[in-house]
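The chain contents come next:
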Amino acid sequence: MAGERDGGGPDRTTRPAAPATGRRPLPATDAERAHWRELGQDKFRDARYQRWAQGHRSVESLRAAGRAGFAETARRYGRAFAADVLARRRLSHPTEPERRMIGLLDDLGQREGADYVREYPVVPGHLYADFAWPDRQLAVEVYGDAHTADWFVERGILERDARRMAAYEEAGWSVRVVTARDLGERRDATTEQVRALLAAKDGEQAPLW
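Here the structure is a predicted model, which is why all the values come from computation and not from measurement.

(A) Local environment of the overall build of the protein. A count of helices and strands for the protein gives 8 helices and 4 strands. When its helices and strands are written in sequence order, the protein yields α-α-α-α-α-β-β-β-α-α-β-α. Per-residue burial for the protein yields a buried fraction of 33% across its 209 residues. Of the roughly 13000 Å² of accessible surface on the protein, a fraction of 51% belongs to carbon and sulfur atoms.

(B) Inspection of helix α1 (residues 30–39) at higher detail. Within the sequence span of α1, burial applies to E32, H35 and W36. Looking down the long axis of α1, one finds its buried residues gathered within 100 degrees of arc, a one-sided arrangement. Turned more than 90 degrees away from the buried face of α1 sit D30, R37 and E38, all of them exposed. At the C-terminal side of α1, G40 shows a positive phi close to 65 degrees.

(C) How the structure looks around the pattern of salt bridges. Throughout the structure, instances matching the rule amount to 12 salt bridges. Ionic pairing is found between R160 and D161, a salt bridge with its closest N-O pair at 3.2 Å. For R160, a relative accessible area of 38% corresponds to the partly exposed category. For D161, a relative accessible area of 6% translates into the label buried. For E185, the salt bridge identified is with R181, shortest N-O distance 3.1 Å.

(D) Looking closely at the nonpolar core. Counting 15 residues, the largest nonpolar core has M101, L105, F131, W133, V140, V194 and L198 as the members making the most contacts within it. For this core, the secondary structure elements donating two or more residues are α5 (96–107), β2 (127–133), β3 (138–143) and α8 (187–199). When neighbours within four sequence positions are excluded, M101 is seen to be in contact with F131, V140, V142, L183 and V194.

(E) Structural view of the packing of aromatic side chains. Scanning the model with the defined rule gives 4 aromatic pairs in all. Each ring, one from Y116 and one from F131, has its centre 5.7 Å from the other, and the planes form 45 degrees; the classification is tilted. Taken together, the positions of Y116 in the loop between α5 and β1 (117–123) and F131 in strand β2 put the pair 15 residues apart, joining distant regions of the chain. What makes F131 buried here is its relative accessible area of 0%. Members of the aromatic cluster, each reached through a chain of ring pairs, are Y116, F131 and W133.

(F) Unusual backbone geometry, seen in detail. In this model, E119 sits at a positive phi of 55 degrees, which is unusual for a non-glycine residue. On the secondary structure map, E119 appears in strand β1. Of note, Q137 is a non-glycine position whose phi angle comes to about 50 degrees, a positive value. Mapped onto the secondary structure, Q137 falls in the loop between β2 and β3.

(G) Representation of the side chain of Q110 within the structure. In this fold, Q110 is placed in the loop between α5 and β1. At 2.9 Å, the side chain of Q110 forms a polar contact with the side chain of W133. Those residues in contact with Q110 that lie beyond four places of it in its chain are L105, D115, Y116, W133 and L198.

(H) Highlighting the pairing of β1. Examined bridge by bridge, β1 and β2 share 5 bridges and lie antiparallel to one another. Paired with R118 across the strands is F131, a residue of β2. Linking β1 back to β2 in an antiparallel pair, the connection comprises 3 residues, with G125 at a positive phi of about 85 degrees.

About the thresholds
- Residues numbered from 1 in each chain as written.
- Predicted model: local features only at pLDDT ≥ 70, side-chain atom pairs only at ≥ 80, totals over all residues.
- Heavy atoms only, no water.
- Helix = DSSP H or I, 4+ residues; strand = E, 2+ residues; numbered from the N terminus.
- Buried < 20%, exposed > 50% of the residue type's maximum accessible area, 1.4 Å probe, protein only.
- Areas by Shrake-Rupley, 256 points an atom, 1.4 Å probe, with all protein chains shown as cover.
- Arc of directions from axis to C-beta.
- Salt bridge = Lys/Arg side-chain N within 4 Å of Asp/Glu carboxyl O.
- Core = buried A, V, L, I, M, F, W, Y, C linked by side-chain atoms within 4.5 Å.
- Contact = heavy atoms within 4.5 Å.
- Phe/Tyr/Trp six-rings, centres within 6.5 Å; stacked < 30°, edge-to-face > 60°.
- Polar contact = N/O pair within 3.5 Å; in protein donor to acceptor, adjacent residues only side chain to side chain.
- Pairing = 2+ DSSP bridges.

Okay, here's the thing in structure tokens:
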């Protein structure tokens with residue numbers, strides 16, 4: 001239908017059709033940008049804006065969309081529900097360092113769901129452990145390259161990590177950090193460190209590294 005709107009956005013008949021090939025969408029028109037500014041946070045529910053942001057893979061736009069989506073889900077269903085949704089997504093889409101950690105634990109005879117739990121709610125709605133042994137209140141956090149990248153450091157990832165460590169301590173948990181480098185060039189040494197960590201008996205001080 002001529003003049004039909006897409007997701008409440010400006011009239012799509014004023015712009016050419018997107019090419020059949022190519023990964024990036026056409027640039028947004030001035031009318032669309034003005035419309036999105038008027039929408040404010042509601043722009044993240046606009047279908048055209050979502051396709052444009054996803055197609056451009058802008059870090060800022062995707063992070064903003066993610067924050068807005070989380071806020072909207074939390075508003076509707078509560079923060080704990082929204083946090084559980086994100087945890088389930090992380091559970092289904094482990095990062096490359098997390099996959100390496102799963103392989104390392106597999107080599108040590110540790111099985112997910114039987115010996116350890118991923119994305120365990122240490123503080124439901126707020127703090128989820130990458131890898132957890134709940135009966136021992138022991139967690140392993142796996143840090144990827146983002147934890148040392150300038151862009152993320154400038155935007156407070158180190159402060160966020162510090163808050164997570166403090167939350168573990170307040171909950172009475174022990175936590176160890178394994179980095180992407182530990183799981184790459186230092187894998188043999190890391191395997192032995194994790195082996196010693198898991199071998200520590202209840203009541204013993206888990207070894208540091």
